[in-house]
Amino acid sequence: MKINNSFSATLHILLHLEQMDKPLTSEQMAAFIDGNPAFIRKLLAGLREQKIVGSSKGHHGGWTLSRPASQVTLYDIYTALGSPVLFALGNRNENPRCLVEKGVNRVMSDTFAEAETLILERFKRLTLAEVGSEFIDYFNAQGQDN
């Protein structure tokens, strides 16, 4: 199963947006993640609907954060992306006849549900600014510029 990296890519480009004092084009943001501009526009469409980012047209146009990074939670971003599946693991057969497989499914489903609840609760508490401060602190400690 292919890993969905849209959440991570979105965090990456939003943190670049947060550091800029001017709008960025989808082409500029695509270069940050070695992606393509259409992918960036697709990611940001849901975020624009949730008023996390805004866009403007024209010569000096592009994308900007609509709110301070301290007011954007990872949960806001996650839901704006359509709540992508958190785990690549799943049950082999959702409607098994075998009692053993039914037991495995029940245990695995319960475990995944508990883990998902923990992750989403953490996403609700963690802001984009906090994610950004972690890497800024790391780079400052390493003596590198960010």
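Please refer to the structure placed before this passage.
Just so it is clear, the model here is predicted, and its values are computed rather than measured.

## Some points on the overall build of the protein chain
Stage number 1. From N to C terminus, the protein chain includes six helices and two strands.
Stage number 2. Along the protein chain, from the amino end to the carboxyl end, the secondary structure elements read α-α-α-β-β-α-α-α.
Stage number 3. Its C-alpha radius of gyration of 19 Å places the protein chain more than 25% over the 15 Å reference for a compact globule of 146 residues.
Stage number 4. Dimensions along the principal axes, computed over C-alpha positions, put the protein chain at roughly 65 × 35 × 25 Å.

## Topic: helix α5 (residues 99-125)
What sets the pattern is the α-helix's 3.6 residues per turn: residues three or four places apart point alike.
Stage number 1. Helix length check: α5, at 27 residues, gives a terminal C-alpha distance of 40 Å against a target of 39 Å (1.5 Å per residue), a fit within 8%.
Stage number 2. Residues of α5 that are buried include every one of E101, N105, F112, L120 and F123, and no others.
Stage number 3. Contact partners of the buried residues in α5: α1 (6-19) and α4 (74-80).

## What about the pairing of strand β1 (residues 53-56)?
Stage number 1. Relative to strand β2 (residues 62-65), β1 runs antiparallel, the two sharing four bridges. Directly across from S56, in β2, lies its bridge partner G62.
Stage number 2. Connecting the antiparallel pair β1 and β2 is a turn made up of five residues, with G58 showing a positive phi of about 110 degrees.

## Focus on the packing of helix α2 (residues 26-33) against helix α3 (residues 37-49)
Stage number 1. The contact between α2 and α3 brings their axes to 8 Å, and the two run at 100 degrees. On the basis of their axis angle, the class for α2 and α3 is roughly perpendicular. Touching S26, E27, M29, A30 and I33 of α2 are P37, F39, I40, R41 and L44, all from α3.
Stage number 2. Its residues placed into classes, the contact of α2 with α3 shows seven nonpolar, one polar and two charged.

## Examining the environment of A88
Stage number 1. Mapped onto the elements of the fold, A88 is located in the loop between α4 and α5.
Stage number 2. Among the residues examined, A88 registers a relative accessible area of 46% and is labelled partly exposed.
Stage number 3. In sequence terms A88 and V100 are twelve residues apart; their C-alpha atoms lie 22 Å from each other.

## Some thoughts on unusual backbone geometry
Stage number 1. With a phi close to 60 degrees, K51 is a non-glycine residue in the positive phi region.
Stage number 2. The exposure class of K51 is exposed, given its relative accessible area of 58%.

## What about the nonpolar core?
Stage number 1. Counting 28 residues, the largest nonpolar core has L14, L17, M29, L44, V53, I77 and L128 as the members making the most contacts within it.
Stage number 2. Contributions of two or more residues to this core are made by α1, α2, α3, β2, α4 and α5.
Stage number 3. The biggest single contributor to this core is α1, with seven residues.
Stage number 4. The residues contacting I77, other than those within four sequence positions of it, are F7, T10, L11, L14, I52, V72 and L128.

## Details of the pattern of salt bridges
Stage number 1. Using the criterion set out here, one finds four salt bridges in the structure.
Stage number 2. The partner of R41 in a salt bridge is E27, with the nearest N and O atoms 4.0 Å apart. Of this pair, R41 sits in helix α3 while E27 is found in helix α2, placing the two residues 14 residues apart along the sequence.
Stage number 3. You can call R41 partly exposed: its relative accessible area is 38%.
Stage number 4. Between K124 and E121 there is a salt bridge, with its nearest N and O atoms 3.4 Å apart. Here the residue K124 and the residue E121 both occupy positions in helix α5, the gap between them amounting to three residues, near one helical turn.
Stage number 5. Look at K124 and you get partly exposed, because its relative accessible area is 40%.

Rules and cut-offs
- Residues numbered from 1 in each chain as written.
- Predicted model: local features only at pLDDT ≥ 70, side-chain atom pairs only at ≥ 80, totals over all residues.
- Heavy atoms only, no water.
- Helix = DSSP H or I, 4+ residues; strand = E, 2+ residues; numbered from the N terminus.
- Rg over C-alpha atoms; globule rule 2.2 N^0.38 Å.
- Expected span 1.5 Å × (residues − 1).
- Buried < 20%, exposed > 50% of the residue type's maximum accessible area, 1.4 Å probe, protein only.
- Contact = heavy atoms within 4.5 Å.
- Pairing = 2+ DSSP bridges.
- Axes fitted to C-alpha atoms, helices over the stretch in contact; angles between N-to-C directions.
- Parallel < 35°, antiparallel > 145°, perpendicular 65-115°, else oblique.
- Nonpolar A, V, L, I, M, F, W, Y, C, P; charged D, E, K, R; others polar.
- Core = buried A, V, L, I, M, F, W, Y, C linked by side-chain atoms within 4.5 Å.
- Salt bridge = Lys/Arg side-chain N within 4 Å of Asp/Glu carboxyl O.

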